[in-house]
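The chain contents come next:
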Amino acid sequence: MLAYGAYVLARQSKAPLSTLRQLHESQAAAHSGLALVHLGLALKLMGDETRATSAIEAGLIKPRVGPSHAWWGDYGSSLRDWALTYVLLDKHRLTPAGRENLLAQVAGEMQGKRYYSTQEKLALFLMGRSFLGEPGREWTAETVSAGRTQAIGGTGTQFLPLSAEQLAAGVRIGNTSKERLYIELQVAGNPVNMPAARREAFDLKRDWFAADGKPLDGRPLRVGETAIVRLQVKTPGRYANGLVVDHIPAGLEIENANIVQGEQSVVTVDGVDPRQAMLHGDIRHVEFRDDRFVVAARIAGQMQFFYRVRVVTPGRFVVPPSYAEDMYQPEIFGLAGGGETLVIGDGREAGTGPK
């Protein structure tokens, strides 16, 4: 944080050079190479070229200290740090030895990841943007699918849609130019089967209660009535930036006069007042959207969250799974439930509660 602050001040020519040199003397305490690059750029902007070169060179070879899942409070990762380092060097038109190696390091890190945090997505976007429209980067390639060849090329990024049939038949992409090509395949679709539960990091359980706090026990739901949903989350770890998302099935709406805003009637669920539970000090933020209930909280041990829904539409609906994650380490997540059927009567017919 000190190095980043120094970089911000140096961009306005307001970073004291003596302070920057003191930070340079303490560079062994840096947790990652990104901090040293920030410091090096600050020194360069303030006129100390020798120390700037030293700090940047050290930053290009210094890994993040500690295990990849360690939480420092900087929302970072090796992927984010390498990508931002490349962006910063490109922005200041610096080409130290090892700069191009960052591309391979980022690509290698991406191969082992299926989930990206917000910080990582932004860093990758900025890195990719640096390649758009660069002069002298014309390229050509060709795709072969089902015996049919198609030429592609140009400058900067190109997008080529592929149908499910082409992917099933197999697609081969060949580089017909002298430039290196970086290819990313994005696949969008809907799963055929409900995803398997995952409970190692977060164990989730959803329970349904009537408006008076008594368990529904599968009794009929009818249009017009309200119900209370309890979401229990257990974890063996401690997550400062936990995110819990509970999608509601179609046929239900989250009540506008929600529990968090303070209901007048006193209702208890298994001896717990939902209003008090939703005032827990570890809850940072709560959202009641059209299709989901969202909580950002510090999660440790066991916590429970409540929200109220109103039954609005008769029919047969699939109940989505509940989900929790560490927002800045999204590969750490939990998933449970889903696949149950919610049948709602129109008030004249008997319906079936969630099972």
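Refer to the structure printed above.
Residues numbered from 1 in each chain as written. Predicted model: local features only at pLDDT ≥ 70, side-chain atom pairs only at ≥ 80, totals over all residues. Heavy atoms only, no water.

Student: Is there a simple way to explain the overall build of the chain in this structure?
Tutor: Helices and strands together make up the secondary structure of the chain, namely nine helices and 13 strands. Here the C-alpha coordinates of the chain stretch approximately 80 × 65 × 30 Å along the principal axes. Look at the contacts in the chain between residues 6 or more apart in sequence, and 69% of them connect residues 24 or more apart. (Helix = DSSP H or I, 4+ residues; strand = E, 2+ residues; numbered from the N terminus. Contact = heavy atoms within 4.5 Å.)

Student: Sorry if this is basic, but what is going on with the sheet that holds strand S3 (residues 171–175) here?
Tutor: Backbone-to-backbone hydrogen bonds join strands into a sheet, with any given pair of strands oriented parallel or antiparallel. Read across the sheet, three strands follow the order S2-S1-S3 without closing on themselves; strand pairing throughout is antiparallel. The open sheet has two free edges, formed respectively by strand S2 (148–155) and S3, since each of these has just one partner strand. Averaged over all pairs of adjacent strands, the angle between strand axes in this sheet comes to 25°, irrespective of strand direction. Summarising the sheet, strand S1 (residues 138–145) and S2 pair through eight bridges and their orientation is antiparallel. Looking across to S2, one finds that glutamate 142 is bridged to alanine 151. (Pairing = 2+ DSSP bridges. Axes fitted to C-alpha atoms, helices over the stretch in contact; angles between N-to-C directions.)

Student: What is the right way to read the packing of aromatic side chains from this model?
Tutor: Think of a pair of aromatic rings as described by two things: how far the centres are apart, and how the planes are tilted against each other in angle. Per the stated rule, a full pass over the model turns up five aromatic pairs. An angle of 25° between the planes, with centres 4.4 Å apart, marks the rings of phenylalanine 293 and tyrosine 307 as stacked. The class for tyrosine 307 is buried, based on a relative accessible area of 1%. Three or more aromatic residues joined by ring pairs form one cluster here, namely Tyr115, Tyr323 and Phe333. Positioned over the ring face of phenylalanine 333 is arginine 198, at 4.1 Å from the centre of the ring. (Phe/Tyr/Trp six-rings, centres within 6.5 Å; stacked < 30°, edge-to-face > 60°. Buried < 20%, exposed > 50% of the residue type's maximum accessible area, 1.4 Å probe, protein only. Lys NZ or Arg CZ within 6 Å of the ring centre and 35° of its normal.)

Student: Explain unusual backbone geometry here, please?
Tutor: Trans is the prevailing form of peptide bonds, just as negative phi is the prevailing case for residues other than glycine. A positive phi angle is found at arginine 93, which is not glycine, with a value near 55°. You can see arginine 93 is positioned in the loop between helix H5 (78–91) and helix H6 (101–111). A residue is classified by how much of its surface remains accessible, and arginine 93, at 75% relative accessible area, is exposed. In the Ramachandran plot, aspartate 270 falls in the positive-phi region, its phi being about 50° despite a non-glycine side chain. Among the secondary structure elements, aspartate 270 is positioned in the loop between strand S7 (252–254) and helix H9 (274–277).

Student: Which parts of the structure should I look at to understand the environment of valine 319?
Tutor: With respect to the helices, strands and loops of the structure, valine 319 is situated in the loop between strand S10 (315–318) and strand S11 (322–326). You can call valine 319 buried: its relative accessible area is 1%. The sequence separation of valine 319 and leucine 342 amounts to 23 residues, and the corresponding C-alpha distance is 6.5 Å. In this structure, valine 319 is in contact with Arg206, Trp208, Pro249, Gly338, Gly339, Glu340 and Leu342, ignoring residues within four places of it in sequence.

Student: Teacher, can you tell me more about a nonpolar patch on the surface here?
Tutor: Side chains of Leu160, Leu162, Leu167, Leu185 and Val187 sit close together on the surface and give an oily, nonpolar patch of about 440 Å² of accessible area. Note on placement: leucine 162 falls in the loop between S2 and helix H8 (164–169). Since its relative accessible area comes to 31%, leucine 162 is described here as partly exposed. (Patch = residues over 30% accessible without salt bridge, like charges linked within 9 Å, V, L, I, M, F, W, Y side chains within 5 Å. Areas by Shrake-Rupley, 256 points an atom, 1.4 Å probe, with all protein chains shown as cover. Salt bridge = Lys/Arg side-chain N within 4 Å of Asp/Glu carboxyl O.)

Student: What is the right way to read the packing of helix H3 (residues 33–45) against H5 from this model?
Tutor: Each pair of packed helices gets described by two things: the angle between the helix axes and the distance between those axes. It is the contact of H3 with H5, at a shortest axis distance of 9 Å, that shows an interaxial angle of 20°. Classified by the interaxial angle, the pair formed by H3 and H5 is roughly parallel. Both H3 and H5 take part in a crossing whose hand is left-handed. Residue-level contacts link Leu34, Val37, His38 and Leu41 of H3 to Arg80, Asp81, Leu84, Thr85, Leu88 and Leu89 of H5. (Parallel < 35°, antiparallel > 145°, perpendicular 65-115°, else oblique. Left-handed = near helix turned anticlockwise from the far one by under 90°.)

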